[in-house]
Amino acid sequence: MYKLYVYVPTEYKERVKEALFSAGAGVLGNYDCCSWEVRGCGQFRPGSGSAPFLGETDRLEVVEEYRVETLVAQEHVATVMEALFESHPYEEPAYEFVRILQKDDLIQE
């Protein structure tokens, strides 16, 4: 099991979450569409050769974003990553997949 963390501009949050859930993210036992989110500010400066969705080359940009966290089973990682890149507006979305342990991982036969 993995935890996906992704930073999304406010107006695209629901679109990205729907794409992730449709690709298999957000399942925990008999529950689906599970996620956690918090609002904050992200910053970046587009460099030369970039094609920013927001901002201008060589100018610092501060944007209200959400950090969205959701679970992703191993068998859905590739599909969820593809959905992330297709639905996210940024040229280079900030995201990470982190492997997590669940109680079944600790049970020894």
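Residues numbered from 1 in each chain as written. Predicted model: local features only at pLDDT ≥ 70, side-chain atom pairs only at ≥ 80, totals over all residues. Heavy atoms only, no water.

Where an unreviewed UniProt entry is consulted, the protein appears under the name NGG1p interacting factor NIF3, with the organism given as Chitinivibrio alkaliphilus ACht1.

Draft legend 1. Representation of the nonpolar core in the model. With 16 residues, the main nonpolar core has Val6, Leu20, Val72 and Val80 as its most contacted residues. Contributions of two or more residues to this core are made by strand S1 (2–9), helix H1 (13–22), strand S3 (61–72) and helix H2 (77–87). Look past the residues within four positions of Val80 in its chain and what remains in contact with it is Leu4, Leu20, Ala23, Gly24, Ala25, Val72 and Phe97. (Core = buried A, V, L, I, M, F, W, Y, C linked by side-chain atoms within 4.5 Å. Buried < 20%, exposed > 50% of the residue type's maximum accessible area, 1.4 Å probe, protein only. Helix = DSSP H or I, 4+ residues; strand = E, 2+ residues; numbered from the N terminus. Contact = heavy atoms within 4.5 Å.)

Draft legend 2. Expanded view of unusual backbone geometry. The backbone phi angle of Cys33 is positive, close to 60 degrees, even though this residue is not glycine. Here Cys33 lies in the loop between H1 and strand S2 (36–44). A positive phi angle, near 65 degrees, is found at Asp58, a position not held by glycine. Mapping Asp58 onto the fold places it in the loop between S2 and S3. A residue is classified by how much of its surface remains accessible, and Asp58, at 59% relative accessible area, is exposed.

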